[in-house]
Amino acid sequence: MSAKTLAEAIMLQTMEDLWDKNERADAVRFFDGEGFSACAEIAGMNFFEQIRLYNMANKMIIRERPEKKKTKKFLSPVAA
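Novice: Sorry if this is basic, but what is going on with the overall build of the chain here?
Specialist: A tally of regular secondary structure across the chain gives four helices and zero strands. Residue burial in the chain is summarised as follows: out of 80 residues, 25% are buried. Put simply, of all contacts in the chain between residues at least 6 apart along the chain, 54% involve residues at least 24 apart. Of the roughly 6,800 Å² of accessible surface on the chain, a fraction of 57% belongs to carbon and sulfur atoms.

Novice: For this particular structure, what's the right way to read the packing of helix H1 (residues 3–17) against helix H3 (residues 34–42)?
Specialist: How two helices pack is summed up by the angle between their axes together with the distance between the axes. Their axes nearest at 8 Å, the elements H1 and H3 cross at an angle of 140 degrees. On the basis of their axis angle, the class for H1 and H3 is oblique. For the element pair H1 and H3, the recorded crossing hand is left-handed. Of H3, the residues touching H1 (which contributes Ala 3, Lys 4, Ala 7, Ile 10 and Met 11) are Phe 36, Cys 39, Ala 40 and Ile 42. Its residues assigned to classes, the contact of H1 with H3 shows eight nonpolar, no polar and one charged.

Novice: What is the right way to read the nonpolar core from this model?
Specialist: Across soluble globular proteins, nonpolar side chains have a tendency to be buried as a group. Grouped together as the largest cluster of nonpolar side chains are 16 residues, with contacts concentrated most on Met 11, Met 15, Leu 18, Phe 31 and Phe 36. Of all the secondary-structure elements, those providing two or more residues to this core are H1, helix H2 (24–32), H3 and helix H4 (47–64). Filtering out sequence-adjacent residues up to four positions away, Phe 31 remains in contact with Thr 14, Met 15, Leu 18, Phe 36, Tyr 54 and Ala 57.

Novice: Just to check I follow, could you spell out the packing of aromatic side chains for this structure?
Specialist: Centre-to-centre distance and the angle between the planes together describe a pair of aromatic rings. For the structure shown, the criterion picks out five aromatic pairs. Judged by centre distance (5.3 Å) and plane angle (85 degrees), the rings of Phe 30 and Phe 31 are edge-to-face. Overall, Phe 30 belongs to the buried group, its relative accessible area being 14%. Relative to Tyr 54, the ring of Phe 36 has its centre 6.3 Å away and its plane inclined at 40 degrees; by these criteria the two rings are tilted. Remark: Tyr 54 occurs in helix H4 and Phe 36 occurs in helix H3; sequence separation between them is 18 residues. Judged by its relative accessible area of 26%, Tyr 54 is partly exposed.

Novice: What should I look at first to understand a nonpolar patch on the surface in this one?
Specialist: Nonpolar side chains collect at one region of the surface, where Met 1, Leu 6 and Ile 10 lie side by side and expose about 340 Å² of accessible area between them. With respect to the element layout, Ile 10 can be found in helix H1. Judged by relative accessible area, which is 33%, Ile 10 ranks as partly exposed.

Criteria and thresholds
- Residues numbered from 1 in each chain as written.
- Predicted model: local features only at pLDDT ≥ 70, side-chain atom pairs only at ≥ 80, totals over all residues.
- Heavy atoms only, no water.
- Helix = DSSP H or I, 4+ residues; strand = E, 2+ residues; numbered from the N terminus.
- Buried < 20%, exposed > 50% of the residue type's maximum accessible area, 1.4 Å probe, protein only.
- Contact = heavy atoms within 4.5 Å.
- Areas by Shrake-Rupley, 256 points an atom, 1.4 Å probe, with all protein chains shown as cover.
- Axes fitted to C-alpha atoms, helices over the stretch in contact; angles between N-to-C directions.
- Parallel < 35°, antiparallel > 145°, perpendicular 65-115°, else oblique.
- Left-handed = near helix turned anticlockwise from the far one by under 90°.
- Nonpolar A, V, L, I, M, F, W, Y, C, P; charged D, E, K, R; others polar.
- Core = buried A, V, L, I, M, F, W, Y, C linked by side-chain atoms within 4.5 Å.
- Phe/Tyr/Trp six-rings, centres within 6.5 Å; stacked < 30°, edge-to-face > 60°.
- Patch = residues over 30% accessible without salt bridge, like charges linked within 9 Å, V, L, I, M, F, W, Y side chains within 5 Å.
- Salt bridge = Lys/Arg side-chain N within 4 Å of Asp/Glu carboxyl O.

Spatial relationships are all this shows, so hold off on functional conclusions.
Set out below in structure tokens:
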């Protein structure tokens, strides 16, 4: 297995891990750290390809975040 093939496999697995709640935190660290840029460079990705993949991962991260429930705040009536 070549280094390029291994780097591509790591990036693909990490993209898949973004969907797994048990692996998501590690996958986010991979994309935010030096691991992603190192693998992308080894895989032969140019700058724009790296940005495209990073943005795809970012969209997946944002989509999978649980949204906070919006609660309506009512003012309590003040006794006159």
